[in-house]
Amino acid sequence: MDNISNAQSEGEPIWVARLVPDGREGNKVFARSLRPGEVDTGEVVHVEAGQELVIRAGRLSIDSNEVDAHSPVGMGGYAPVANTIWTMHQFMGEQLGYYLFIFALARRLDAAHQSWSEAMKDRNAAIGQDGINQRYAMFSALATAEIAVVALYRASTMAVTLIEKHCGDLCLPDELRRVQPALKEMRDAFEHIDERAEGKVGMNQRVDLSALSIFHQPDFIGSAILRYKERVLDFDQDFLAALLACRKLVLDSLDSRVRQRAER
């Protein structure tokens, strides 16, 4: 984090806040941020030579939605969320626990989306191909789809922990809950694909020839469906919906955290 912080301080600011006048006292010029819902009149803070700009305690509010609005929206409507969390972490000053945990969760989500985007692009490219060219695109799509499944499954387990340890007033989104069983089994199969190649499943390495189904994805190019045994995962619709819902959960948890701190 120190390297990130140093590099950021030498480049663009991590966040820009709109400041408005908040009074004067001698050579001190007081300023504050806009309050939630306050109309911005356009009034600016004037600080002349020899005067000191002061923001009093409690007069600078940080709106995660305002910070998040700068995140560029990517494929499927998902915008990277790790920078939003990191920015809030810098202001809140918590070194261990909640903020670093959701920062790790945010990074898994961003990784899942990046891999999902690459897989969908390769899948779309494969649709217009045939023969060996289609297979090249298909295997490229499956390679990144595997990584996306692994990353989103990790994010889903972290989302459960987030609620249990830090945000008991929140619930796991239905979109994420629905895909968790398929994510878990497919994640296990992809992570241990060498064992599945021998038909081995589980800690006891029992032989189950249905484990070989992880290698057969006849519906992925045509309909974006991933299959493993009896599990079916719509990689286009359901995967994306779970990803977006988990992202919203992360941002909702920031609001929950602020409420908890205010009640202390």
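Predicted, not measured: the structure shown is a model, and the values here were computed from it. (Residues numbered from 1 in each chain as written. Predicted model: local features only at pLDDT ≥ 70, side-chain atom pairs only at ≥ 80, totals over all residues. Heavy atoms only, no water.)

Engineer: Help me understand the sheet that holds strand 2 (residues 28-33) in this model?
Structural biologist: In sheet architecture, strand pairing relies on hydrogen bonds along the backbone and comes in two forms, parallel and antiparallel. Strand order in the open sheet formed by three strands is 1-2-3, with mixed pairing between adjacent strands. The sheet is open, and its two borders are formed by strand 1 (19-25) and strand 3 (52-54), each paired with just one other strand. Taking the axes of each pair of neighbouring strands and ignoring which way they run, one obtains an average angle of 30 degrees across the sheet. Sheet topology places strand 2 next to strand 3; three bridges connect them, and they run parallel. Residue pairing in the sheet places Phe30 in a bridge with Val54 of strand 3. (Pairing = 2+ DSSP bridges. Helix = DSSP H or I, 4+ residues; strand = E, 2+ residues; numbered from the N terminus. Axes fitted to C-alpha atoms, helices over the stretch in contact; angles between N-to-C directions.)

Engineer: I would appreciate a short explanation of the packing of helix 4 (residues 98-127) against helix 5 (residues 131-165) in the present structure.
Structural biologist: Angle between the axes and distance between the axes: these two values describe a pair of packed helices. As a packed pair, helix 4 and helix 5 sit with axes 7 Å apart at the nearest point and diverge in direction by 160 degrees. One finds that helix 4 runs roughly antiparallel with respect to helix 5. The way helix 4 lies across helix 5 gives a crossing that is left-handed. Each residue belonging to the contact of helix 4 with helix 5 can be placed in one class, and the counts come to 25 nonpolar, five polar and five charged. (Parallel < 35°, antiparallel > 145°, perpendicular 65-115°, else oblique. Left-handed = near helix turned anticlockwise from the far one by under 90°. Nonpolar A, V, L, I, M, F, W, Y, C, P; charged D, E, K, R; others polar.)

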